[in-house]
Amino acid sequence: MSSWYSEGLEHLWLPYSQMKTAGKPLAVVGAGGVRLKLEDGRELIDGIAGWWTAAHGYNHPQIVAAIKKQAQALPHVMMGGLVNKPALRLAKRLADITPGDLNKVFFAESGSVSVEIAIKMAVQYWNNKGEPGRTKFLSFLGGYHGDTTMAMAVTDPGGMHRAFADFVPGEIFARLPEDEKTEAALEALLKKHGGQIAALITEPLVQGAGGMKFHDPGTLKKIRAAADRHDLLLIADEIFTGFGRTGALFACDQAGIVPDIMCLSKALTGGVMPLSAAIVREHVFEAFLSDDPAKAFMHGPTYMGNALGCAAANASLDLFESEPRLEQIQAISGQMEHELQYCQNIRGVKNVRVKGAIGVVELKETPDHEALGRAFVEKGCWIRPFGNIVYLTPSYIIGADDLSRLTSAIHEVLKG
Ligand SMILES: Cc1ncc(COP(=O)(O)O)c(C=O)c1O
């Protein structure tokens, strides 16, 4: 291994890793399309699109060209008192493509921070409207909303943030209202705590990092209806589901609902630059308009609206417009349904499910993640299981042959 690898690795703290025992990460020196190029010359087909970001594959020439052009003109300028053209163009385009009157865009750098922003917005919305006691959030078991403090607080408490259980504020958790019993339980919680709650927060249609659990659009409609009945805001965290992952541009489109705040990140820039947004409906924005400066929203990430990130996002949106992404997602979906079903008969497999460009093989037991990961790498695939889930969320440009290599790798490795 090169010295840049071994010397640098001495100083790097890796995500979600027990650094005493974690295996060595692979050194990536390049990427293109759906392939990662390793330092030792091997190539891996990325089955998870770089943590669900690289919608158009890696190094898409149009996105790279847009960043290069923007870098020469203006890589970044602060947003306090100054604006840049790509950010303005992106704000208008996001307002146009997101549902209903989600019209005002607040930029940040990461998904978790956009969730923090949405939560702060909801609290101050009620404060500004003269109801300062509404500071609680109702979230759903199985959900995941990020790793910062309030994002952890609204994430399923039984998940990976258990070490912080005594630290984060205690929020209210319900099961998704998927049947009469869970609907009634949600209603009871809302009746009990309604006056304290600022908003409901949910991952529409797919709870991703909490276990790739799917629910149908009817459930999402019920969540919207429950928020309406109790006059509460609804935050839709589309950080994972946004930009086509569930088969529609936004998961909320499939239910025909408009959340009051929508969080976007991940595929927003096509997986090239860190960028996120909290997009709000007109009535939310209006609650902050006042002659009183104290009613302004007090938040402003240093790199918000970063011009390079916004240029990348605009180029990514151009690709969604000019290329048949939703058709590609449908084809990926059909192929995964067909090819992953062969895993159903493997001992140790609990079930196989597909929604949009998400293919999941759920195991009965939690496997040795590192051993599985190594076995996938030996087959030339980058697939990163978590919990008892082995899943694919490929780039939408993946060819049928490469997708078959991924599904076969899962089949062969699980079959043992
Ligand atoms: C639904 C959802 N919300 C929030 C986040 C956090 O985003 P980030 O990792 O960019 O902070 C994630 C990341 O996986 C996510 O899937």
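So, here is what we can say about the structure in this document. (Residues numbered from 1 in each chain as written. Predicted model: local features only at pLDDT ≥ 70, side-chain atom pairs only at ≥ 80, totals over all residues. Heavy atoms only, no water.)

1. Digging into the site of the ligand
The environment of the ligand is made up of Trp52, Ser110, Gly111, Ser112, Tyr144, His145, Gly146, Glu203, Asp237, Ile239, Phe240 and Lys266. Contact distances for the ligand include 2.8 Å between an oxygen atom and a backbone N or O atom of Gly111. Between the ligand and Ser112 there is a distance of 2.6 Å, counted from an oxygen atom to a side-chain nitrogen or oxygen. The class makeup of the residues in the shell around the ligand is four nonpolar, five polar and three charged. (Near = heavy atom within 4 Å. Polar contact = N/O pair within 3.5 Å; in protein donor to acceptor, adjacent residues only side chain to side chain. Nonpolar A, V, L, I, M, F, W, Y, C, P; charged D, E, K, R; others polar.)

2. Let's talk about the sheet that holds strand S2 (residues 35-38)
Taken in spatial order, the four strands make up an open sheet running S1-S2-S3-S15, and their pairing is mixed. Of all strands in the sheet, those bounded by a partner on one side alone are strand S1 (28-32) and strand S15 (381-382). Judged from the two bridges that link them, strand S3 (residues 43-46) and S15 form a sheet pairing that is parallel. Residue Asp46 lies in a different strand from S15, and its bridge partner there is Trp382. Each of S2, S3 and S15 is contacted by helix H14 (residues 400-415), which is oriented at about 90° to S3, the strand it contacts most. (Pairing = 2+ DSSP bridges. Helix = DSSP H or I, 4+ residues; strand = E, 2+ residues; numbered from the N terminus. Contact = heavy atoms within 4.5 Å. Axes fitted to C-alpha atoms, helices over the stretch in contact; angles between N-to-C directions.)

3. As for the packing of helix H4 (residues 85-97) against helix H11 (residues 307-322)
Two elements in contact, H4 and H11, have axes whose closest approach is 8 Å; the angle formed by their N-to-C orientations is 40°. Between H4 and H11, the interaxial angle falls into the category oblique. Considering only the axes of H4 and H11, their crossing is left-handed. Where H4 abuts H11, its residues Pro86, Ala87, Arg89, Leu90, Arg93, Leu94 and Ile97 lie against Ala307, Cys310, Ala311, Ala313, Asn314, Leu317, Asp318 and Glu321. Residue composition of the contact of H4 with H11, grouped by class: 10 nonpolar, one polar and four charged. (Parallel < 35°, antiparallel > 145°, perpendicular 65-115°, else oblique. Left-handed = near helix turned anticlockwise from the far one by under 90°.)

Remember, this is a structural readout, not a statement about activity or role.
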